[in-house]
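Descriptive structure summary
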Amino acid sequence: MTWFILRRCGAAVIVLLLGSVLIFLGVRALPGDPALVMAGEDASPALVAAIREEYGLDRPLPVQYVEYLRQTLSGNLGRSTQDQLPVATILAERLPVTLELTALAMLVAVTVGVLAGIVAAVRRGRAADYVATGFGLAGLSIPHFWLGLLAILLFSVTLRWLPASGYVPFTEDPVGNLQRMLLPTLVLGMGFAAVLMRQTRSAMLSALSADYVRTARSKGLPERAVVGVHALRNSLTTVVTVLGLQLGALISGAVVTEQIFVIPGFGKLTVDAVLTRNYPVIQAVVLVTVTAYVVINLLVDIVYAFLNPRIRLSGASHG
Amino acid sequence: MNEPVLRIDSLVKHYGQVRAVDGLSLTIGQGEVLGLVGESGSGKSTVGKCVLRLTEPTSGTITLGGRDVTHLSRRAMRPLRRDVHMVFQDPYSSLNPRFSIEQIVSEPLLRHKVMRRREAGERVAAMLEKVGLRTEMMSRLPHELSGGQRQRVGLARALVLEPKLVVADEPVSALDVSVQASVLNLITDLQRDMGFSCLFITHDLSVVEFLADRIAVMYLGKIVETGPTAELFAGPRHPYTQALLSAAPVPDPARARERRRIVLGGDVPSPLDPPAGCRFHTRCPLAFDACRTVDPALTDPRDGDHPAACHLVTPERRPDAAVPGRTLEY
Amino acid sequence: ACGGGGAPTSAPSVADATADNRTVQSGGTLAVALNADPDALDPSTATTLVGREVFVNMCEKLYDIDATSTLVPQLAAAMPQLSPDGKEVTIKLRTGLKFNDGTVMDAAAVKKSLDRHRSWEKSARQADLAAVTDVTTVGEDTVKLTLSRPATPLTAQLADRAGMIMSPKALDSEGDAFGANPVCVGPFKFASRTSGSEVVLERAPDYYDAAKVKLDKIVYKIIVDPNVRAANLRSGDVQVGDQLATTTVAGVQADPNLKVVSGGGLGYFGINVNIGNVAGSTEKYGSVDSALGKSPELREAFELALDRDAINKTVYNGLYESDCFPLPADSPYRAASLQCAPHDVAKAKQLVQASGVPTPIPVTLTTPNDATNQRLAQVIQQMTKEVGFDVKVETAEFVATLEQGGAGKYDTLLTGWSGRVDPDGNLTNIITTGGSNNYPGMSDPDIDEPIKQAAAATDTAERAELYAKAIQKAADLRGFIYLYHNKYYLGMNKTVAGVQYFKDGLPRFTTAGFTAK
Amino acid sequence: MSLLDITDLTVGFDTEDGHVHAVKEVSLSLEEGEILALCGESGCGKTVTAMSVPRLLPPRTTRLTGSIRLDGRELTTLPEPQMRQVRGKEVSVVFQEPMTSLNPSFTVGFQIAEVLRRHENLSRGAARRRAVELLELVGIPAPAQRIKEYPHQLSGGMRQRVMIAIAVACSPRVLIADEPTTALDVTIQAGVLDVFRDLRDRLGTAIILITHDLGVVADIADRAVIMYAGRAAEQAPVEELFARPLHPYTLGLMKALPAAAVAAGPGGRRRLAEIPGMVPSPLADPAECAFHARCPSGQDDCLAARPSLVRHGPAHLAACFHPARSGEQP
Amino acid sequence: MADPMTVSVGAIRVGSPAERRRRLWRRFRRRPMPMAGLVLVAGFLLLALVGPLVTGDPIIQDYAATLAPPSAAHPMGTDDLGRDVLARIASGARVSLQAGVLSTLLAMVAGIPIGLLAGFYRRWLDPLVGRLVDVTLAFPFLVFAVGLAAIIGPSLTGVVLALGFAQLPAVIRITRGEVLAIKEMDYVSAAIADGAADGHILLRYVLPNCAGPLIVQATVAIPTAIIGEATLSFLGLGVQPPTPSWGVMLTVAQQYLDVAPWLAIWPGLLIALATLGFNLLGDGLRDVLDPRSGL
Ligand SMILES: Nc1ncnc2c1ncn2[C@@H]1O[C@H](COP(=O)(O)OP(=O)(O)OP(=O)(O)O)[C@@H](O)[C@H]1O
Ligand SMILES: Nc1ncnc2c1ncn2[C@@H]1O[C@H](COP(=O)(O)OP(=O)(O)OP(=O)(O)O)[C@@H](O)[C@H]1O
Ligand SMILES: [Mg+2]
Ligand SMILES: [Mg+2]
C-alpha cells in the first residue's frame with residue numbers, strides 16, 4: 001500500500017512538472033503581446049517596453065521558466081497584469097466560488113447520478129430504468145450552455161423566480177448565495193449526473209451479474225443487502241474512478257457555466273485571463289486546475305486502494 | 001542414439017519474484033510423446049512457452065534438433081519455427097476471431113513461404129480433412145465452430161507444416177468427455193502417421209497414461225519424477241507422484257471407494273517463495289529433517305530410466321524400503 | 001448629419017438622462033452592470049473605458065465636461081490661464097477640498113499627481129502630457145504648467161485621467177500598487193474590488209459636495225455578456241446596465257420598469273486598410289502588396305459599395321450614427337465642408353472595372369470575434385461582393401486584432417476608437433505619420449501639418465478649418481474607412497433618477513438615487 | 001415422501017435467439033443424507049435443474065413449470081420473502097468458481113458471519129466465533145486468522161472450503177454443489193470431496209453434486225442422474241450405474257474416458273470410444289430421441305417418439321427404446 | 001478461461017458470416033432505442049450531405065426580411081441578417097459532421113498507434129504514454145481549446161485539433177486496454193510461435209480485434225465532439241463567418257432569445273437530436289457487440 005501510494009505520488013509529481021512546462025510554453029505561445037494589452041489604447045512603444053521589462057518578458061524562455069518555477073514554488077504567483085492585484089489574492093477570492101459551484105454540482109451529480117444509476121440497474125428494463133436511461137441520454141446530448149440559456153430565460157426572465165446571475169458570498173448572504181447557485185449548480189450538475197448515472201448503472205449491472213452477487217442471493221439475503229452491500233461496494237470503485245476522471249470535464253463545464261451565469265470563479269477567470277493575455281493569472285489558474293486534477297486523482301487512487309483490498313493489502317498493482 | 005528432438009537443460013524462468021520454472025531438464029526423442037503433468041501453477045505452460053521462445057528463459061539452454069536456440073535472435077529463430085508448433089488449451093482464444101479457418105491454417109504455410117496463397121488452399125483442405133473437418137468449413141469463422149472443431153483447427157494449424165515437435169498445452173482440458181475422446185484419438189492417430197514428437201502438457205493423469213510414452217511430473221517448477229508411462233504408473237517413486245495417482249478419480253465405484261488415498265495436507269506453496277530444501281516437504285507425509293534443508297536431485301535408484309527427486313529414493317534407501325515410522329503407500 | 005443620400009436613421013426615442021429631475025431619496029445601494037473588467041484603478045496607468053466609468057464617480061479631475069460637452073472646471077477653480085505665447089498654463093485650484101482619506105488637496109498634491117502622470121515610466125498618460133515640461137506650485141492653490149509648445153488640447157486631457165489628482169498620502173503608502181487601493185477626491189470612495197467580478201464604491205464623507213450625494217454604495221458588477229447584462233437589468237439584479245448592446249436596447253425599452261438613455265457619440269468605428277504599415281505603425285512605412293493597399297481607386301470602390309445606413313440598420317438596429325469622418329456631426333470642430341460621398345454601387349463597379357484587377361478581388365477582413373463585429377463583417381462581405389470583392393473574414397480575439405493592427409499584419413481590419421472631447425485626441429495618434437494607432441500606415445504632410453498647427457491654435461473656428469483639411473485628405477487617402485459613431489445606451493430601472501449621462505458615455509452617479517416611493 | 005421432490009421440472013429461457021429449452025420434464029428425488037450426482041456434458045441442464053430449487057435463475061427470462069417440493073412444501077410458488085428464508089438456511093449452494101463466487105471486497109469472516117446473522121440471528125461476536133468453528137470444520141488451518149483475510153489472499157482450495165463453510169453455516173437440509181471441484185487440482189479435490197462426505201456423515205445433509213467427472217461420481221455419490229440435452233437419460237444407484245449402464249449415452253460417456261481405455265488393456269493401438277456428432281441445439285425441442293443422431297443403437301422408432309424414463313430395476317431408470325442389454329460392460 | 005457454457009451453445013452459433021451479420025442485425029433491429037438512434041443519425045447524415053444541395057444559399061443576406069418568423073418561404077424563419085435559417089441549419093450540419101467525424105478520426109489516427117505500441121511494448125513505452133495521457137487529462141479541455149484558438153486563430157481546424165486532442169486519452173486508453181487483453185490471447189502466442197513479425201501481429205491480429213470497442217468509442221466521441229464544436233463556436237472560437245455552424249447560430253440566437261426564439265430552438269434542438277442519435281446508436285452497438293449485456 002505504501003509502495004502503491006509512493007508510486008502514485010511519484011507519477012503525480014512527474015505529471016505536475018510536465019504540466020508546468022506545458023503551461024509555461026503554452027501561455028507564451030499565445031499570440032498577442034501582454035505588454036501591448038496592458039498598454040491599451042494609449043500604447044506607446046516606450047510604455048510597452050517598460051511593461052515588458054517589468055514582467056520579465058524580455059528575457060530568454062528557459063530563464064523565464066526557471067524563474068517562474070522558483071517563484072511559484074516559493075508561493076509568489078505575481079500580480080495580475082489586468083488590475084495589479086496579487087494573483088494569490090485573486091485566486092483566494094475565486095477559488096472558493098468555483099469550489100462551491102463544483103462541490104454543489106458534484107453533490108447533485110453524485111446524489112442524482114448514483115441513485116438513479118442504482119435504481120436503473122436494479123429495475124433494468126422497467127419504467128424506472130427507461131426514465132433514468134432517458135435522463136442519462138438527455139444529459140449527454142444537451143449542451144451545457146444551451147441548458148443554461150434556457151434556464152435563465154425561463155426561471156429568471158420569464159418567471160422571475162431566481163436571480164439571473166451573479167454571485168454573493170455565502171458568508172454574506174447565505175440565502176442569496178444558494179438562490180444564485182441553484183441554477184448553475186443544476187445546469188452543471190445535471191450533465192455529470194447523467195455521466196455518473198450511466199457509469200453507475202453499467203457498473204451495477206456488471207456487479208449484479210457477478211458470481212458473488214449470486215452467492216449473496218443464495219445466502220437468502222434480502223435484496224436490499226444484495227444490492228446495497230455486495231453489488232454497490234464493488235461498483236463504488238468504478239464510480240470513484242469515474243468521478244476523478246470526470247473532474248477535468250467538470251472544470252471545463254464550470255468555465256462555460258460561470259461564463260453564462262456570470263459567476264466570478266475560476267472558469268471565468270481562466271477565459272478572461274486568456275482573452276486579456278494575463279500571463280501570471282493564466283499560469284496560476286491552469287497550474288491550480290492541473291494540480292487540483294492531479295491531487296484529486298491521487299486521492300481517488302488512494303480511496304480506490306482502500307476500497308479494493310487487493311491493492312490495500314499487497315501493493316501489487318498492474319496497469 | 002539419435003539426437004533428441006528437444007533437449008532442455010537446467011531451465012530457469014522467473015517472472016519477477018515468481019519462480020515459475022526453477023532448474024528443469026528433460027529431453028524428447030524422435031517420435032516420442034512426453035507427458036508433462038503437474039498441478040496448476042507448477043510451471044508446465046512456462047516450459048512450453050520457453051521451448052517456443054514465447055517467453056525468454058532466465059537461464060538454461062534449449063536445444064532443438066541439436067541446435068542451441070536459447071539465445072537466437074528472433075530473425076535467426078524464424079526458420080527453425082517451421083519445425084516446432086504449439087496447440088493451446090483454450091479453443092476460444094487460440095484462433096484469431098477475425099480470420100477464416102482457411103486463413104488460420106494457411107498462415108504458417110505462407111509465413112514460411114512453403115507455397116503461394118493459391119496452392120495453399122489445397123494443402124489446407126487436405127490438412128482439414130486429416131483432422132476430420134469438412135472442407136466447407138474453410139470459409140467459416142472460428143466462433144461458428146464448436147469447441148471440438150476449433151481444437152481440430154488448432155491441430156491442423158500446428159501440423160500443416162509437418163513439424164518435428166508439437167507442444168500441446170492442455171489441448172483437451174476444456175472439452176467435454178465425448179469431444180475430448182475424439183480429439184485424443186485424433187492426436188494419437190496423427191502422431192503415429194506423421195511421426196512428430198510431442199510435449200504433451202496436462203494436469204489429467206488419465207490422459208497422459210493413455211497417450212504418452214514417457215511422463216515427467218512437475219511440482220513447483222521442478223521435475224520430481226520421470227519415467228516410462230507404464231513403469232511410472234505401476235510404481236511411482238516420489239511421494240508426490242504417489243499422492244497424485246492416489247487422488248486421481250477413478251470412474252469405478254468399487255475401486256474408487258476401496259483404494260487408500262493419500263490426502264495431502266495444505267496447499268501448494270506459492271512460487272513466490274518456494275520452501276527451502278525439498279519443495280514438497282511442506283505437504284509430504286514422509287518428510288524428515290534433511291528434506292527441509294537439502295534439495296534432492298533426480299536419481300534413479302536402479303540406474304534406469306525412472307529417476308525421482310526424493311531423499312528417500314536412493315540406492316541404499318529405496319523408497320519402498322521401510323523408513324522407521326513412515327511407510328509409502330500405494 | 002451624414003451623407004450617403006438617406007436621411008439620418010432615427011434612433012428609438014431615448015430619454016435624456018440629464019433631464020431627469022425627479023427627487024431622489026437618500027441611501028441605497030446601486031448595482032451597475034459594466035460590460036468589461038476595468039484594468040488597474042490607477043489614473044496613471046489605466047487605459048480602459050470601463051475604468052473611466054468607475055473613475056468618474058471616484059476620482060475627480062481638474063476639469064470636466066458638461067451636458068453640452070463644454071469643458072468646465074472641476075477641481076480647478078477656473079478655466080486655465082494661458083500666457084500669450086501659449087507656453088505657460090496657470091491653473092487656480094479650489095480650496096478646502098479633501099481627498100477621500102482626509103488629506104487636504106492643494107497645489108503640492110496636484111503637482112505630485114501630474115508629475116507621476118508625466119514621468120513615471122509605466123504611466124500611460126505620458127503622451128497626453130507630452131507637451132508639459134514642468135509643473136510648479138504657486139502658493140497653496142495654484143499650479144503652473146510649463147509647455148514645450150502651445151497645446152490647446154491640454155485642457156481636454158486635464159478633463160480626463162491625466163487631470164485626476166491622487167491623494168499624496170496614498171501615493172506614498174501604496175506606491176506602484178496605488179491602483180489596488182486608489183484614493184482621490186470624489187463623491188464616492190473606493191471600498192473593495194473582486195477581480196473580474198465587482199468594484200464597490202462607498203459614499204465619501206470627505207467630499208466637498210457631500211450633501212448632493214444620495215447613494216450609500218455603488219456596486220459595479222462586471223457582466224460581459226450583453227444578453228446577461230440585459231437579463232440582469234430586467235430581473236432587477238442590477239438597476240443600471242451600461243453599454244447595452246444594440247440588440248438588447250429594444251427589449252429593455254419595452255420593459256415597463258426600465259428606461260434607456262443614450263450618450264456618447266464621440267467615438268467611431270471603421271475599417272483600417274493597410275496601405276503602408278509594413279513593419280509596425282511607429283516604424284517606417286513601405287508599400288503594401290495587396291489590391292486594396294496598392295490602389296486608391298479600389299479603396300474608393302470598396303467604400304462606395306458600403307451602404308452605411310443599411311449597415312447601421314441591420315447591424316445596430318439603427319441605433320448608431322452613420323458617418324464617414326472621425327468627428328461627430330455636432331462637433332464644433334467639424335467643418336460644414338466635410339460631406340460624405342453617397343453609396344454608389346454603379347460607380348464602384350466602374351472603378352473596379354477601370355482598375356483592371358481581375359475579379360473577384362480577394363480581401364481579408366480581420367474582425368474581433370464578438371457577435372456584433374462578426375455581424376458587421378458579414379454585411380461588409382455581402383455588400384462588397386456585389387462590386388467584385390471577395391472578402392474573407394478572419395476573426396481573432398480583440399487583443400490579437402490590436403496587435404495585428406499595430407504590427408501591420410493585416411489586410412483590412414475592423415477597429416474603433418472610444419473618442420476624445422478634443423479632436424486632437426481623435427487624430428494625432430491615429431492618422432498622422434508614426435502615430436502608435438496609425439494602423440493603416442497613412443503618411444501625408446497634408447494630414448500631419450494641419451493637425452500639428454491646430455494643436456497650437458486656440459480659436460475653435462480656426463482649428464476646425466485646419467482639421468477639415470487633414471480629415472478631408474485622410475478621407476481621400478482612405479487608409480481608414482469610417483462607418484459610424486457609436487452611441488452608448490444606458491439601461492436604467494425607472495426607480496433610479498439623477499443619473500448624468502454625457503457624450504463621454506460615463507454614467508455619473510453623484511446626484512443619483514432611488515426615487516421616493 | 002422424500003426430502004426433496006422434483007416433478008416434471010421444465011425450465012426455459014427467453015433469449016434474443018429464441019426460447020432456450022434448458023431442462024425438460026425432469027423428475028428426481030433426494031433423500032436425507034443422500035449424495036445425488038447430476039452429470040452430463042456441458043449445457044445438458046445440470047446447473048439449471050439444480051438452481052431451480054433455490055430459485056436462483058434470472059427471474060425475468062426464466063420460464064419454469066413443474067413442481068419442487070422440499071419436505072412437502074412447494075417451492076416454485078413460495079412468495080419471495082419466504083423463499084429468502086429457505087435460501088442459505090434450508091437449501092444452500094456451493095458454486096463452481098471459487099474466485100469469483102466470493103465478494104472480493106469483504107473478509108471471509110464477514111461473508112460467513114453474514115449468513116449466520118441473517119438466519120440464526122446471532123450477534124456479531126457469536127457469528128464470528130461460529131465462523132471460526134465453521135472454517136475449522138471445513139479443514140482450514142489457523143481459522144482465527146483466516147477470517148480476517150480477503151478472498152484474494154486464499155488459494156483456490158481454501159476459497160472453495162470457505163464457500164462450503166458459508167453453505168453449511170446454517171446446517172441446511174439440502175446442499176447444492178455445482179461442480180465444486182472442477183477448478184481445483186486433484187490433490188485438493190480429494191480433500192474437498194472428503195469435506196462433503198464428512199458433512200453428510202456428521203450433519204446428515206443431503207447433497208446434490210453437479211459434475212461432469214464420472215470419477216467424482218464413482219468416488220462420492222450414492223445415486224446419479226445422467227442428463228442429456230435437458231432431460232434425464234438415466235438414473236440409478238452409483239454401483240448399479242457403473243456396473244450396468246443402460247442408456248447408450250451413459251455407456252458412451254464411460255467408454256470415452258481415457259482411464260477406461262487404459263484399463264481395457266495395455267499397449268497396442270489403444271483408442272477411445274467416441275460419441276460422434278454434437279449436442280442438439282437447445283433452441284429446438286423436436287419430439288424425437290435427442291440422442292438419436294449420435295446413438296449407435298438408434299433405430300427408426302427413436303425418431304418417431306421421445307422415449308420416457310422407464311424403470312429397469314428397483315431404482316434404475318433409463319429413457320431409451322433400445323437400452324443396452326444389462327450386463328454389457330462399459 | 002474457457003467458458004464451458006458457450007461450447008454447448010455452439011450449435012446456435014454455427015452459421016456463415018453473412019448469417020452472423022444478419023443475426024447481429026436482428027438483435028440490433030429488435031431494440032427500439034438503437035433503431036431510433038440509427039434513424040436520427042441517418043437523418044443527420046442526410047441533412048449534412050444532401051441538405052445543402054436542396055436548401056437555399058445559407059449566406060445570402062436579405063436586409064428586408066431580418067428575424068422573420070417561420071413562413072412558407074423560410075420554413076425555419078430568417079436570422080438577424082435575413083438569411084434562411086433552414087439553409088444555415090443544413091450547412092451547419094456539415095460543420096457539425098466535420099467537427100465530429102474529423103476530430104474523432106484524428107484522435108483515432110493519432111491515438112490508436114500510440115495505444116497499440118504502448119500496450120504492445122509495455123515495458124518501455126507504456127509508463128511514458130501513461131504520464132502523457134495523465135497530463136492531457138489533467139489539462140482542462142476548454143483552457144486548451146481557448147489557448148489553441150488564440151494561437152492558430154479560431155477556425156474549424158482549431159476546433160478539430162482541440163476536440164481531437166481532447167479525445168486522445170480515451171482512444172489511447174481503450175486501445176491500450178484492448179491490446180493488453182488481446183496480447184494474452186493464445187492466437188497471438190500462436191502467431192509469435194509461427195515467427196510472425198511484430199508489425200504483422202499488430203496490424204493483422206491485434207488491431208482488427210480492437211475494432212469493436214473503438215467503434216463504440218467513436219459513436220460516443222462523435223456526439224461529444226459535436227457538442228464540443230457548438231460550445232467552442234458559442235464561445236467564439238469556432239468556424240469563421242459567414243460559414244454557419246450550429247454553435248455560431250446559437251451565439252447569434254442568444255442575442256434574440258426574446259424576439260426571435262426560433263433562432264435558438266432549431267440549432268439547439270438539432271444539436272440535441274444529432275448527439276442523441278449517436279449516443280443511442282453507441283449504446284445499441286455496445287449492447288449488440290458485447291453479448292454478455294444482451295442476456
Ligand atoms: N506472464 C506471467 N507473469 C507473471 N507470472 C506468471 C506469468 N505466467 C505464469 N506466471 C506464474 O508462473 C507460475 C507457473 O505458471 P504456468 O502457467 O507455467 O503454470 P501451469 O503449470 O501451466 O499451470 P496451469 O495448470 O494452471 O496452466 C504460476 O505461479 C503463474 O502464476
Ligand atoms: N440464464 C440463461 N439464459 C438463457 N439460457 C440459459 C441460461 N442459463 C442456462 N442457459 C442454457 O440452458 C442450457 C443448460 O444450461 P446449464 O447451465 O444447466 O448447463 P450445465 O449442464 O450446467 O452445463 P455446464 O457443465 O457447462 O455447467 C444451456 O444451453 C444454456 O446455454
Ligand atoms: Mg498452463
Ligand atoms: Mg453448469
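Rules of the game
- Residues numbered from 1 in each chain as written.
- Chains lettered and ligands numbered in written order.
- Predicted model: local features only at pLDDT ≥ 70, side-chain atom pairs only at ≥ 80, totals over all residues.
- Heavy atoms only, no water.
- Axes fitted to C-alpha atoms, helices over the stretch in contact; angles between N-to-C directions.
- Helix = DSSP H or I, 4+ residues; strand = E, 2+ residues; numbered from the N terminus.
- Parallel < 35°, antiparallel > 145°, perpendicular 65-115°, else oblique.
- Contact = heavy atoms within 4.5 Å.
- Nonpolar A, V, L, I, M, F, W, Y, C, P; charged D, E, K, R; others polar.
- UniProt positions renumbered as here; feature names shortened; annotations may be inferred.
- Pairing = 2+ DSSP bridges.

With that settled, consider the packing of helix α6 (residues 85-120) of chain E against helix α7 (residues 122-138) of chain E. Residue and element names in this part refer to chain E. Packing of α6 against α7 brings their axes to within 6 Å, and their N-to-C directions diverge by 130 degrees. By the angle between their directions, the pair α6 and α7 is classed as oblique. Packed against α6, whose contacting residues are I114, L117, A118, G119 and F120, the element α7 presents R122, L125, D126 and V129 at the interface. Per-class residue counts for the contact of α6 with α7 are six nonpolar, one polar and two charged.

Turning next to the UniProt feature "domain: ABC transporter" (unreviewed entry) in chain D. Mapped onto this numbering, the UniProt entry annotates "domain: ABC transporter" (unreviewed entry) at residues 4-254 of chain D. As a span, residues 4-254 of chain D carries 39% helix and 27% strand, and end to end its C-alpha atoms are 28 Å apart.

With that out of the way, let us pick up the sheet that holds strand β6 (residues 88-92) of chain C. Residue and element names in this part refer to chain C. Spatially, the four strands line up as an open sheet ordered β5-β6-β8-β7, and their pairing is antiparallel. Edge strands, defined here as strands with exactly one partner in the open sheet, are β5 (81-82) and β7 (132-137). When β5 meets β6, the two strands line up antiparallel, connected through two bridges. Within the sheet, the bridge partner assigned to Q81 lies in β6 and is T90. Contacts from helix α2 (residues 107-119) reach β7 and β8 (142-147), with the element oriented near 165 degrees to β7.

Turning our eyes to something else, we now look at the arrangement of the chains. A comparison of contact numbers over the seven pairs of chains in contact places chains B and D at the top. If you take every C-alpha in chain A and every C-alpha in chain B, the smallest gap between them is 12 Å, and the two do not touch. For chain B and chain C, which are not in contact, the least C-alpha distance works out to 49 Å.

With that settled, consider the sheet that holds strand β21 (residues 496-497) of chain C. Residue and element names in this part refer to chain C. Read from one edge to the other, the open sheet built from three strands follows the order β1-β22-β21, with strand pairing classed as antiparallel. The outermost strands of the open sheet, each flanked by one partner alone, are β1 (24-25) and β21. One ladder, built from two bridges, connects β21 with strand β22 (residues 513-515); its direction is antiparallel. Following the sheet pairing, A497 is matched in β22 by G513.

Residues and elements named next belong to chain A. UniProt feature "transmembrane region" (unreviewed entry): in the numbering of this structure it lies at residues 101-122, 134-158, 178-197, 239-261 and 281-307. Helix makes up 100% of residues 101-122 and strand 0%, whereas the separation of the span's terminal C-alpha atoms amounts to 31 Å. For the annotated span residues 239-261, helix accounts for 100% and strand for 0% of the residues, and the straight-line distance between the end C-alpha atoms is 29 Å.

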